[in-house]
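Take a look at the letters that make up each chain.
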Amino acid sequence: MVRNEADFTAFAEANATRLRQIAYLMCRDWHLSQDLTQSTLTKMYLAWKRLSRQGGDPFAYARKVLLNTLLDHKRLRSTGELAVDQLPDRPQHSDPTAERLTLLNALALLPHRDRAIVLLRYWEDQSVEQTAETLGVSTSVVKSQSSRALALLRTQLGEHRELLFS
């Protein structure tokens, strides 16, 4: 195996799970998230020599490829997502799994780019500038859309608002 291929294999093994998790949070479909991860890794493999010469953070590039692949997928295909006007009732007992599902359901109601902004800013802990660069938008778009997305999440979560910051 060529050194570049060994480096790529190590990168893929170390980051595939994290990329799949990000993909799942974006699309809420494990099968699609696996497909998106494989497509991302294929694109990364094809660009690996160029990326190795340029330096930089390959995971940041992979995350950008993943998000673009998802957005392309959503543009090209109709989805099976069903928008609802209310979240399901919350169980009486505090259950971390139920709370996580409530938050995931609220995230699913956001438009794809807003969801990407929220996940990059608050799940991946990226700066406004990093998020803007990853998505190819201006910092003002990231600021305004993250503000609107958080307001929508607060509305959707209602009494469960504390989930946003826990």
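Residues numbered from 1 in each chain as written. Predicted model: local features only at pLDDT ≥ 70, side-chain atom pairs only at ≥ 80, totals over all residues. Heavy atoms only, no water.

Caption draft 1: Structural context of the nonpolar core. Phe 11, Leu 36, Leu 41, Met 44, Leu 107, Leu 135 and Leu 153 are the most contacted members of the largest nonpolar core, which has 41 residues in total. Where this core is concerned, the elements lending two or more residues are α1 (3–27), α2 (30–54), α3 (58–76), α4 (96–108), α5 (112–123), α6 (128–135) and α7 (139–157). Here this core gets 11 residues from one element, more than from any other, and that element is α1. With near-sequence residues (within four places) excluded, Phe 11 lies in contact with Leu 41, Met 44, Trp 48, Pro 58, Phe 59 and Ala 62. (Core = buried A, V, L, I, M, F, W, Y, C linked by side-chain atoms within 4.5 Å. Buried < 20%, exposed > 50% of the residue type's maximum accessible area, 1.4 Å probe, protein only. Helix = DSSP H or I, 4+ residues; strand = E, 2+ residues; numbered from the N terminus. Contact = heavy atoms within 4.5 Å.)

Caption draft 2: Expanded view of α7. For α7, built from 19 residues, the straight-helix expectation of 27 Å at 1.5 Å per residue is met to within 8% by its first-to-last C-alpha distance of 26 Å. Along α7, the residues that are buried comprise Val 142, Gln 145, Ser 146, Ala 149, Leu 150, Leu 153 and Leu 157. Projected onto a plane normal to the axis of α7, the buried residues spread over an arc of 140 degrees and lie on a single side. Among the exposed residues of α7, those oriented more than 90 degrees off its buried face are Arg 148 and Thr 155. (Expected span 1.5 Å × (residues − 1). Arc of directions from axis to C-beta.)

Caption draft 3: Structural context of the side chain of Thr 131. Within the secondary structure, Thr 131 sits in helix α6. Here Thr 131 falls in the buried class, since its relative accessible area comes to 0%. Sequence-distant contacts of Thr 131, defined by excluding residues within four places in its chain, comprise Ile 117, Leu 120, Arg 121, Gln 126 and Val 142.

Caption draft 4: Just the pattern of salt bridges, in detail. As enumerated under the stated definition, the model contains 2 salt bridges in all. Here Glu 124 ties to Arg 18 by a salt bridge, and the two come within 2.6 Å at their closest N and O atoms. Of this pair, Glu 124 sits in the loop between α5 and α6 while Arg 18 sits in helix α1, placing them 106 residues apart in sequence. Judged by its relative accessible area of 13%, Glu 124 is buried. Exposure remark for Arg 18: the relative accessible area of 37% places this residue in the partly exposed category. (Salt bridge = Lys/Arg side-chain N within 4 Å of Asp/Glu carboxyl O.)

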